[in-house]
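Residue-level listing of the chains:
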Amino acid sequence: MRKPNIVLICVDQMRYDCLSIAGHPAVETPHLDALAHGGTRFTQAHTAVASCIASRVALMTGLSQRTHGRVGYQDGVETNYPVTLAGELSRGGYQTVNIGKLHVHPQRNPIGFEKSVLHDGVVHYYGADYQSDYESWVRDTYGPDADGLLGHGITANSWVARPWHLEETAHPSYWITTKAAEFLQSGRDDRPFFLNLSFVAPHPPLVPPQCFFDQYLRQDLPAPPVGDWLHKLPLDPQAQRWTHDTICGILDPRAQHRAQAGYYGLITQIDHQVSRFIEHLMRQGLDHDTLIMFVSDHGELLGDHHLFRKTLPYAGSARIPLILRLPPVWREDAARTCDAVVELRDLMPTLLDAAGLPIPACVEGASLLPLVRGQKRDLRPYLHGEHSGGALSNHYIVDGRYKYIWYSQLGVEQLFDTREDPQELHDMVEHASQAEHLERLRGHLVRELIDREEGYSDGQRLIPGRPAKSVLTTAGTGAPPPRPARP
């Protein structure tokens with residue numbers, strides 16, 4: 001049998017619950033729902049470091065953050081890993097193409113791709129040296145003064161929302177799909193292909209085309225959940241009420257509603273573009289030979305607990321949508337849903353496994369195919385996640401039911417029963433009935449952090465207040481530091 005074509009559809013900053021098939025009361029995603037109905041939806045998928053660069057490094061290398069070294073957000077660090085997903089597929093006989101966002105350094109670093117049509121959204125680090133094939137197309141099409149990145153006047157981490165300012169066909173999500181359709185029609189050669197179709201949306205700016213904005217602006221939208229624990233953190237929602245790119249604030253209800261309408265509108269627009277892409281795939285007679293995986297790099301808090309953006313360990317930020325649709329000949333026994341705890345590092349070994357290629361020994365993720373085929377029920381007893389970032393530097397342990405959170409600079413602990421309390425409203429860390437779970441999950445974190453260069457653990461206890469880093473000295477080497485003994 002010919003090796004399957006592989007399409008990885010990666011979106012940026014999409015919440016795990018923003019699929020209508022997942023029960024969202026407002027968001028409409030009929031085409032992604034159809035993809036899930038024909039495949040497997042992973043209901044406990046996470047990112048171990050909830051921001052763009054680290055998440056994408058895990059996805060493209062199959063490594064944990066302990067090994068790839070990106071434990072926070074920092075631009076300008078070379079993306080220099082000896083083994084990558086695209087590189088292994090290229091060596092395995094695949095034509096490898098990226099269309100859209102990569103967020104690597106240097107910006108044109110191929111990380112194993114033979115070709116890349118680039119649009120990274122707004123990345124301030126590069127300044128005047130910023131490169132975007134999309135932005136060049138906008139200027140060529142609309143004139144030298146046209147601006148697809150900033151012309152709408154909204155910044156890249158803002159909750160402010162408005163309709164897209166150019167034609168719908170000039171929206172980045174539409175353009176990325178157009179370039180993918182062009183590849184299917186005229187860019188392929190005789191090899192099976194790996195296409196990384198990477199959308200910048202629904203990452204802010206929240207600027208969907210007018211029809212998608214209006215779809216939600218006229219609806220009643222669910223109020224964000226607010227937990228009973230925010231007072232434990234050094235955050236004051238009232239003090240930051242009007243900051244346009246705040247991580248914490250109580251918005252005017254009208255502004256909150258518009259933010260949700262803009263965000264949901266971007267998601268439904270992507271849903272339509274996924275349908276458009278699959279129609280082109282079918283028109284070229286490729287649907288039956290193609291594996292499709294849909295995933296986000298991390299989530300968006302969108303007002304949950306008066307919080308916005310990502311990096312924090314709560315569900316809106318750390319959990320992600322993940323759908324795997326195998327070619328029809330493989331689907332007969334595939335599970336429709338899977339509740340095993342999985343993570344972005346698992347994508348590389350899954351896709352190599354599906355391609356019939358060896359999984360490099362350095363890869364720390366695990367193939368999801370045994371889960372899909374019912375050969376396994378779990379991949380790991382728990383997942384360690386984290387994100388550095390000043391006073392709110394954090395670590396978490398999740399085991400599929402309980403979540404333990406530790407703020408490394410503050411020493412604050414939290415514990416949630418995510419089965420009984422999926423919106424993480426009630427912190428149970430001080431409940432005597434939960435002491436056994438607290439001790440067990442804290443012990444996992446103590447062992448995970450042994451020998452980490454920050455000095456967070458002495459093997460017996462967690463040590464708060466140690467200086468946090470965004471990048472470990474292992475970053476880019478692919479060489480892991482010493483590992484703790486597993487329980």
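(A) Representation of the nonpolar core in the model. Counting 56 residues, the largest nonpolar core has M14, L195 and F277 as its most contacted members. It is helix α8 (residues 253-283) that provides the largest number of residues to this core, a total of 12 residues. Discounting residues that sit within four places of it in the chain, L195 has contacts with I6, V7, L8, V97, I99, A180, F183 and F277. A58, M60, L89 and V104 belong to the second largest nonpolar core, which has 43 residues in total.

(B) Local environment of the pairing of strand β11 (residues 383-387). The buried fraction of β11 amounts to 5 of the 5 residues, a majority that puts the element mostly inside the structure. Residue alternation in β11 divides its side chains into two sets, L383, G385 and H387 and H384 and E386, and both sets are buried. Between β11 and the antiparallel strand that follows it, strand β12 (residues 394-398), lie 6 residues; G390 among them carries a positive phi value of about 65°.

(C) Looking closely at the sheet that holds strand β14 (residues 413-417). The strand order across the open sheet formed by 4 strands is β11-β12-β13-β14, and the pairing between neighbours is antiparallel. Edge positions in the open sheet fall to β11 and β14, since each of these has one partner strand only. Strand-to-strand twist in this sheet, taken as the mean axis angle between neighbours without regard to direction, amounts to 15°. Judged from the 5 bridges that link them, β12 and strand β13 (residues 402-407) form a sheet pairing that is antiparallel. Note on β13: the bridge partner recorded for Y396 is I405. Helix-sheet contacts for helix α12 (residues 435-448) involve β11, β12, β13 and β14, and the interaxial angle to β13 is about 55°.

(D) Just the sheet that holds strand β7 (residues 290-296), in detail. Taken together, the 8 strands give an open sheet; going across it, the order is β5-β4-β6-β1-β7-β8-β2-β9, and neighbouring strands pair in mixed fashion. A strand with exactly one partner marks an edge of an open sheet, and here the two such strands are β5 (115-118) and β9 (337-338). Looking at chain direction, strand β4 (residues 95-100) and β5 are connected through 4 bridges and run parallel. Looking at β5, one finds that V97 is bridged to K115.

(E) Up close: the side chain of T350. You can see T350 is positioned in helix α10 (residues 347-354). Under the relative-accessibility criterion, T350 is labelled buried at 0%. In this view, T350 contacts M293, L324, A366, S367, L368 and L369; residues no more than four positions away in its chain are not counted.

(F) Focus on the environment of G121. Counting through the fold element by element, G121 comes out in the loop between β5 and α5 (133-142). The class for G121 is buried, based on a relative accessible area of 4%. With 20 residues separating them in the primary sequence, G121 and K101 have C-alpha atoms 7.3 Å apart. Sequence-distant contacts of G121, that is, excluding residues within four places in its chain, are made with Y130, L149 and V200.

(G) Main features of the pattern of salt bridges. All told, the structure shown has 25 salt bridges when counted by the stated rule. Across the salt bridge formed by D427 and K232, the nearest N and O atoms sit 2.6 Å from each other. Here D427, found in the loop between β14 and α12, pairs with K232, found in the loop between α7 (210-217) and α8; they are 195 residues apart in sequence, far enough to count as distant. Each of D12, R56, K101 and D297 takes part in a single network of salt bridges with overlapping partners.

(H) Looking closely at α5. Along α5, the residues classified as buried are Y134, E135 and V138. For α5, the arc enclosing every buried residue in end-on projection is 95°, short of the 170-degree limit, so these residues lie on one face. Here the buried face of α5 lies against β5 and α6 (172-187). Count one or two residues on from α5 and you reach G143, which has phi positive near 110°.

Conventions we followed
Residues numbered from 1 in each chain as written. Predicted model: local features only at pLDDT ≥ 70, side-chain atom pairs only at ≥ 80, totals over all residues. Heavy atoms only, no water. Core = buried A, V, L, I, M, F, W, Y, C linked by side-chain atoms within 4.5 Å. Buried < 20%, exposed > 50% of the residue type's maximum accessible area, 1.4 Å probe, protein only. Helix = DSSP H or I, 4+ residues; strand = E, 2+ residues; numbered from the N terminus. Contact = heavy atoms within 4.5 Å. Pairing = 2+ DSSP bridges. Axes fitted to C-alpha atoms, helices over the stretch in contact; angles between N-to-C directions. Salt bridge = Lys/Arg side-chain N within 4 Å of Asp/Glu carboxyl O. Arc of directions from axis to C-beta.

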